[in-house]
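# Structure at a glance
As a plain string of letters, each chain reads:
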Amino acid sequence: MTVRGEADRGEADRGEADLAAGARAAVALRGARLAYGDRVLWDGLDLDVAPGEFVAVLGPNGSGKTSLIRVLLGLQPLSAGTVRVAGGNRRIGYVPQQRAVDTTLTLRGRDLVGFGLDGHGWGLGLRGRRERREKVDAALAAVGATRYGDDPVGLLSGGEQQRLRVAQALVGDPEVLLCDEPLLSLDLANQRVVSDLIDARRRAAGTAVLFVTHEINPVLPLVDRVLYLVEGRFRVGTPDEVMNSRVLTELYRTNVEVVRVRGQVHVVGAQHVCEDEPHHVADEG
Ligand SMILES: Nc1ncnc2c1ncn2[C@@H]1O[C@H](COP(=O)(O)OP(=O)(O)OP(=O)(O)O)[C@@H](O)[C@H]1O
């Protein structure tokens, strides 16, 4: 048992409350630091993502968004701090960027979705095979892909392929869904379909969502909180708390104006920071 004096009790109680919140969270990062050599992508990152919460991860090229996803997938160790994901790596769904698939790919949609099921525990028996097929059928139906579930993936449109990737990520009933620019190169209608599918899932099943994106507007109505990364600095908060001129000017260290037009957020003046200047390391979190 640890004995502590009055003076440090407040601090310790806060620490315990923090630990309790972390234990309930679907994703908990504490004092997380990621550096490649002497280049620090982020440091001192504390983030709890609650079950069912939708967190958008924003930031310019090279700010470490994909690296954060890799840490959560267990593919990249932290340089310091801790990371915990509910259910461990087996309960994570992952939706990658939409990208062109070789048109000669003869793999069927339902096979692609089936890759999302852990091969273990299903057995080779009839019952295992039937349960597996039912799960895949349900996942195909949930994303509206039943019609083309038996077609070769290479012949499907980008939007249809992306629905299958969402089905693949969801078929294993994940507690955490990690999405890395899943709307890139989709038209507006398909952006809407894919983001609505993800939103429906987190509402129905309490799946926590971390959603990396360059463009917040297509998901703005769904976003509970934003993690905004810029050159080693970051802010976490609601879209209103983070996506405003004062906070983004601090983050980018240049004059940035955030304008809201018809419910959309437009960031003016930040683009040149990531396009013209080499990415460099900031020394603070
Ligand atoms: N394994 C690695 N070793 C060294 N540097 C790396 C490694 N992985 C990524 N980087 C560098 O870290 C930086 C952050 O990369 P990351 O892909 O996480 O950024 P990002 O925010 O997702 O960028 P983008 O928006 O361009 O996709 C990049 O400059 C990248 O070159």
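Quick summary incoming for the structure in this document. (Residues numbered from 1 in each chain as written. Predicted model: local features only at pLDDT ≥ 70, side-chain atom pairs only at ≥ 80, totals over all residues. Heavy atoms only, no water.)

### Overview of the site of the ligand
Note the following rule: Think of it this way: one heavy atom of a residue within 4 Å of a molecule or strand is enough to make that residue near it. Nitrogen and oxygen atoms within 3.5 Å of one another constitute a polar contact, given that in protein one can donate a hydrogen and the other can accept it, and given that sequence-neighbouring residues count only through two side-chain atoms. The protein chains shown are the only cover counted for residues, whose accessible areas, like all others here, come from Shrake-Rupley with a 1.4 Å probe. Strands are runs of DSSP state E lasting at least 2 residues, helices are runs of H or I lasting at least 4, and numbering of each runs from the N terminus. In this count, Pro and Cys sit with the nonpolar residues alongside Ala, Val, Leu, Ile, Met, Phe, Trp and Tyr, while Asp, Glu, Lys and Arg are called charged and the others, Gly among them, polar.
Surveying the vicinity of the ligand reveals the residues Tyr-36, Arg-39, Leu-41, Pro-60, Asn-61, Gly-62, Ser-63, Gly-64, Lys-65, Thr-66, Ser-67 and His-214. For the ligand, an oxygen atom lies 2.9 Å from a polar atom in the backbone of Gly-64. In the complex, the protein chains occlude 59% of the 640 Å² of accessible area that the ligand would expose alone. Counting only elements with at least two residues in the shell around the ligand, the list comes to β2 (39-49) and α2 (65-72). In terms of residue count, α2 provides more of the shell around the ligand than any other element does, three residues in total. Looking at the shell around the ligand residue by residue, the classes come out as three nonpolar, seven polar and two charged.

### Thoughts on helix α4 (residues 126-142)
As a reminder, the rule being used: The span expected for a helix works out to 1.5 Å for each residue beyond the first. Classification of residues uses two cut-offs on accessible area relative to the type maximum, computed with a 1.4 Å probe and protein chains only: under 20% is buried, over 50% is exposed, and between them is partly exposed. Directions from the helix axis toward the C-beta atoms define the arc. In what follows, residue pairs with any heavy atoms lying within 4.5 Å of each other are defined as contacts.
Over its 17 residues, α4 extends 24 Å from the first C-alpha to the last, a length consistent with the 24 Å expected when each residue adds 1.5 Å. Those residues of α4 that sit buried are Gly-128, Val-136, Ala-139 and Leu-140. Buried residues of α4, seen end-on, are gathered within an arc of 105° and therefore sit on one face of the element. Residues Leu-126, Arg-127 and Ala-142 are exposed on α4 and point more than 90 degrees away from its buried face. Looking at the buried residues of α4, the elements they touch are α3 (109-114) and α5 (158-170). Gly-144 sits one or two residues past α4 and shows a positive phi near 70°.

### Some points on a nonpolar patch on the surface
For clarity, the cut-off: Two joining distances apply to patches: 9 Å for like charges and 5 Å for nonpolar side chains (Val, Leu, Ile, Met, Phe, Trp, Tyr), and every residue must have over 30% relative accessible area and no salt bridge. Throughout this description, the term salt bridge denotes a Lys or Arg side-chain nitrogen within 4 Å of a carboxyl oxygen of Asp or Glu.
Together, Val-259, Val-261 and Val-268 line one region of the surface with nonpolar side chains, adding up to about 210 Å² of accessible area. With respect to the element layout, Val-268 can be found in strand β11 (residues 264-268).

### Things to note about the packing of aromatic side chains
Which entries qualify depends on this criterion: Within 6.5 Å between ring centres, the rings of Phe, Tyr and Trp (the latter by its six-membered ring) count as paired, and their orientation is classed by plane angle as stacked under 30 degrees, edge-to-face over 60, tilted in between.
Applying the stated rule across the entire model yields two aromatic pairs. Each ring, one from Tyr-228 and one from Tyr-252, has its centre 5.9 Å from the other, and the planes form 80°; the classification is edge-to-face. A residue pair is termed long-range when its members are at least 10 positions apart, and Tyr-228 in strand β8 (residues 225-230) and Tyr-252 in helix α8 (residues 245-252) qualify at 24 residues. Note on accessibility: Tyr-228 and Tyr-252 belong to one class, buried.

### Some words on the pattern of salt bridges
This structure, assessed with the given rule, holds 20 salt bridges. Where Arg-110 meets Asp-150, a salt bridge forms, and the shortest distance between an N and an O atom there is 2.9 Å. With Arg-110 in helix α3 and Asp-150 in the loop between α4 and α5, this pair connects stretches of sequence that are 40 residues apart. The class for Arg-110 is buried, based on a relative accessible area of 18%. Judged by relative accessible area, which is 45%, Asp-150 ranks as partly exposed. Its salt-bridge partner being Arg-192, residue Asp-196 comes within 3.3 Å of it at the nearest N-O pair. Of the two residues, Asp-196 and Arg-192 are both situated in helix α6 (residues 188-205); the distance of four residues between them amounts to about one turn of the helix. On the basis of relative accessibility, which here comes to 33%, the residue Asp-196 falls in the partly exposed class. What emerges from the salt-bridge pattern is a single network uniting Arg-108, Arg-110, Asp-111, Asp-137 and Asp-150.

### Let's talk about the packing of α5 against α6
Note the threshold: Interaxial angles span 0 to 180 degrees and are taken between N-to-C directions of axes, which are lines fitted to C-alpha atoms, for helices over the stretch in contact. An angle counts as roughly parallel when it lies under 35 degrees, as roughly antiparallel when it exceeds 145, as roughly perpendicular when it falls between 65 and 115, and as oblique in every other case.
At their nearest, the axes of α5 and α6 sit 10 Å apart, and the two run at 10° to each other. With respect to each other, α5 and α6 are oriented roughly parallel. For the pair formed by α5 and α6, the contact residues are Gly-159, Gln-162, Arg-163, Val-166 and Leu-170 on the first element and Asn-190, Val-193, Val-194, Leu-197, Ile-198 and Arg-201 on the second. The class makeup of the residues in the contact of α5 with α6 is six nonpolar, three polar and two charged.

### Describing the environment of Ala-169
Locating Ala-169 in the fold gives a position in helix α5. You can call Ala-169 buried: its relative accessible area is 6%. If we skip the residues at most four places from it in the chain, Ala-169 touches Gly-93, Tyr-94, Val-95, Pro-174 and Leu-177.

### Some points on the nonpolar core
Operational definition: The set of buried Ala, Val, Leu, Ile, Met, Phe, Trp, Tyr and Cys residues whose side-chain atoms join them within 4.5 Å is what this entry labels a nonpolar core.
Of all hydrophobic cores here, the largest spans 48 residues; its most connected members are Leu-164, Ile-198, Ile-216 and Tyr-228. The element that contributes the greatest number of residues to this core is α5, accounting for five residues. Residues contacting Ile-216, with those up to four places away along its chain left out, are Leu-58, Val-223, Val-226, Met-243 and Val-265.

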